[in-house]
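Observations on the model geometry
Each chain, letter by letter, is given below.
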Amino acid sequence: MPLLDIRNLSIEFDSPHGRIRAVDRVNLSINPGEILGLVGESGSGKSLVAKAIMGILNDRWHVSADRLRYNGVDLLSLSAKERRKLMGREIAMVFQEPKSSLDPNDTVGHQLHESLPTDECKVSFFQQKKWRNERIRGLLHQVGIRDHERVMKSYPHELSEGVCQKVMIAMTIAYKPRLLIADEPTTVIEAGAQAQIFKLFRKLNQLNEVSILLITHDLEHVESWTESITVMYCGQTVESGLTKHIFKQPFHPYTMALLQSMPHFDEMLGHKSQLTTLSGCVPSLQHLPIGCRLGPRCPRAQRKCVQVPQMQKSRGHYFSCHFPLIDDEEPS
Amino acid sequence: MWFYIVRRFNLFVLTVAVLYFLVFLMLVALPGDLATNISGQQQASPAQLAELTQTYQLDKNWFNQYISFINQRIHGNFGISFTTNQPIYDEILKFLPATIELCVYATLVALIVGFPLGMLAAIQSQKPADFMVLGVSLIGYSIPVFWLGVIAIMYFGLELQWLPVAGRLNLLYQIEPITGFTLIDIWLSNLEYKQLAYRDAFAHLVMPTLTLAVIPATMVMRITRTAVREELNANYIKASQSRGLSPATIMFRHALPNAMQPIISQLSLQLSTLLTSAMVTEVIFSWPGIGNWLIDAIYQRDYPVISAGLLICAGFIILVSVLTDVVLIATTPKRRSAIDGSS
């Protein structure tokens, strides 16, 4: 049974032009111990999906789903309190801009202290402070922060983005979650620290059996760190499957275009040649095309594409396209 | 930290110097002799005139005059009033506590009413409670103080006769003014009927305080609402929600402390509004405070008193804004750091 199972998740909001569906029937499932990459351009609704799972979207967003289950529990039918309990302990989230995700007015040490599991504290009142400090020190060491004294006393603005992100991760692992949602965890972090963060994720995944939903637009990270991926375009899932299969043979034209936009230096790129991209740009939310949202930009689009394609399956590889990039001889 | 406090202090000194210069210019420009305007001595005898020339260095150039003007004022010599011939300094000491008392109580009421309502509106954003608070604050903000005061006097004072319409205390109670604050003076006095005196003082306070509190309360409401709402949309609130912290912890440990900074800085800017409406309120309720005194002085063309009132009120506002700055620097970790604190 998958740990997180999402079927037809839609996220809508009311605008002056009527109700707009920012995320359209997205499917996602994560098995225990898996690292799943959720890939798409900025604005494709990846972060919305993550926030919908966490239940931290504003009131103006309307979330509906056929199934939004975590470990067999329907998240949408939980009360706010039950959900909060689940959030801190079972599902954790790491955000895009670590520095702004920490309270600027509070020391890092105190914020770490707040996210410690207090019910695990079995010592008397007078030893609690010692216990907490030891726990915090342990957590910080676990994420690779050596000078815990200084970090604990600092305010977020005194630390670098990389250290802040590590602190965020330390907070999330305080409760030993089973699912970690990482929403573009390294976009604002310098290159050296990026690899550290990913290694940390890998370590958590291997040692603590944490499943990770890695949201990113960086295909190179996806290729090297994830086992399977789901590709989103404009709020629709276009393709999902094992990472190596998709990177070897994508079925959806959008995935193909994404992969082609990655420079491969072994293929002898011509000097100053242009990288392949799709023509046009991502449509704005007010002017979403009907049917397959890639339609107007798709090189293979035909009349049939004004209807939303059904999810199809071919050897453990899901895609939604009327005209997939499969050799015609092969039965799809 | 100390560096910034010293810097703010310098700013304070400079601003006050400019303020003194403007007041000095005003005294020079006003009709009449500078010696009369600056000291309040009317029909001075030749001996007095010589003494005044000596004290204010009126025979020297304008810069010396300005410096000695500052010197005299700082040492508490505000001259004497045209109308009462009393030293203005003594009059200030007599009237200022009444104003401070009124303003402090009104501010307290405004905070007690405005702050929770603003928070409520921010939490219930875009819901009926929010619209209610917004509507009430808009109505309160639009009601002119003088009209509200007069209506209150007409209804509660004259028609229902619940509350006294003027003054601070009934003449029956002979309270020795020690501090100038009625409630403290009653406490310090050895009256046998303190309870009655307290009740009377409160009855006198109710209408002016509430009238004066209306506008600050609506401002506190709106400022709190905006600030808290902004903080609740911040990233770190989302992050702490995702960590499963309880709404109360998020509100009181994270959102509020962060919202306090914009609230404090905005409120300190609104202090001048409070002071102006306090003056109007004092006139309406015949409250023997500095505003009443100053407006009387304006009617009487009592130049030394006008200049003294200007110095006191403007100086108070400058002082408070500098203190707010210091408080903000002390409570905002980010501003304490070297780069960001320089602004």
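What you see is a predicted model, and the numbers here were worked out from it, not measured in a lab.

Let us look at the overall build of chain B. Along the backbone of chain B there are 15 helices and 0 strands. Expressed as a percentage of its 343 residues, the buried residues of chain B come to 33%. Taking the contacts inside chain B whose residues are at least 6 apart along the sequence as the reference set, 68% of them involve residues at least 24 apart.

The next thing to look at is the domain arrangement of chain A. Buried accessible area, meaning the area lost when the parts come together, often serves as the stated size of an interface. Residues and elements named next belong to chain A. When the domains of chain A are assigned, the result is domain 1 (1-90 + 175-263 + 275-282) and domain 2 (105-174). Each partner contributes residues to the interface: domain 1 has 13 residues there, and domain 2 has 10 residues. Here the side of domain 1 that touches domain 2 gets 5 residues from one element, more than from any other, and that element is helix 7 (residues 191-208). Taken together, the residues that form the side of domain 1 that touches domain 2 break down as 10 nonpolar, 1 polar and 2 charged.

Right, let's talk about the interface of chain B and chain A for a bit. With 16 residues of chain B at the contact, the number on the chain A side is 22 residues. Elements represented by at least two residues in the side of chain B that touches chain A include exactly helix 10 (235-242), helix 11 (247-269) and helix 15 (333-336) of chain B. It is helix 10 of chain B that provides the largest number of residues to the side of chain B that touches chain A, a total of 6 residues. In the side of chain B that touches chain A, the residues fall into 5 nonpolar, 8 polar and 3 charged.

Within the largest apolar cluster, 140 residues are counted, with the highest numbers of intra-cluster contacts made by A:V167, A:I181 and A:L213. In terms of residue count, the dominant contributor to this core is helix 9 (residues 194-232) of chain B (13 residues). A domain-level breakdown of this core finds at least three residues from each of domain 1 (1-90 + 175-263 + 275-282) and domain 2 (105-174) of chain A. Discounting chain neighbours no more than four positions away, the residues touching A:I181 are A:A50, A:I53, A:M54, A:I91, A:M93 and A:L213.

Moving on, we get to the packing of helix 6 (residues 128-142) of chain B against helix 9 of chain B. When two helices pack together, their arrangement is given by the angle between the helix axes and the distance between those axes. Residue and element names in this part refer to chain B. Packing of helix 6 against helix 9 brings their axes to within 8 Å, and their N-to-C directions diverge by 145 degrees. Two packed elements cross with a definite hand, and for helix 6 against helix 9 that hand is left-handed. Where helix 6 approaches helix 9, its residues V133, S137, G140 and Y141 are matched on the opposing element by V214, I215, A217, T218, M221, R222 and R225. Of the residues that constitute the contact of helix 6 with helix 9, the class distribution is 6 nonpolar, 3 polar and 2 charged.

On to helix 10 (residues 253-260) of chain A, then. Those residues of helix 10 of chain A not exposed but buried are A:P253, A:Y254, A:T255, A:M256 and A:L258. The secondary structure elements touched by the buried residues of helix 10 of chain A are helix 8 (219-225), strand 10 (228-233), strand 11 (236-242) and helix 9 (243-248) of chain A.

Turning next to the environment of A:N27. Residues and elements named next belong to chain A. Within the secondary structure, N27 sits in strand 2 (residues 18-30). By the C-beta count within 10 Å, which is 19 here, N27 ends up partly exposed. Residues N27 and M311, 284 residues apart in the sequence, show an inter-C-alpha distance of 9.3 Å. Leave out the neighbours within four places in its chain, and N27 touches I6, R7, N8, T237 and M311.

Right, let's get into unusual backbone geometry. Its identity is not glycine, yet A:E184 carries a phi of approximately 40 degrees, on the positive side. Along the chain, the position of A:E184 falls in the loop between strand 8 (179-183) and helix 7. One non-glycine residue, B:R301, lies in the positive phi region at around 55 degrees. In this fold, B:R301 is placed in the loop between helix 13 (290-300) and helix 14 (303-331). Of the residues examined, B:R301 has 13 C-beta atoms within 10 Å and is grouped as partly exposed.

Calculation notes
- Residues numbered from 1 in each chain as written.
- Chains lettered and ligands numbered in written order.
- Predicted model: local features only at pLDDT ≥ 70, side-chain atom pairs only at ≥ 80, totals over all residues.
- Helix = DSSP H or I, 4+ residues; strand = E, 2+ residues; numbered from the N terminus.
- Buried ≥ 20, exposed ≤ 12 C-beta atoms within 10 Å, placed from the backbone.
- Contact = placed C-beta atoms within 7 Å.
- Domains from an automatic or database assignment.
- Nonpolar A, V, L, I, M, F, W, Y, C, P; charged D, E, K, R; others polar.
- Core = buried A, V, L, I, M, F, W, Y, C linked by C-beta atoms within 7 Å.
- Axes fitted to C-alpha atoms, helices over the stretch in contact; angles between N-to-C directions.
- Left-handed = near helix turned anticlockwise from the far one by under 90°.

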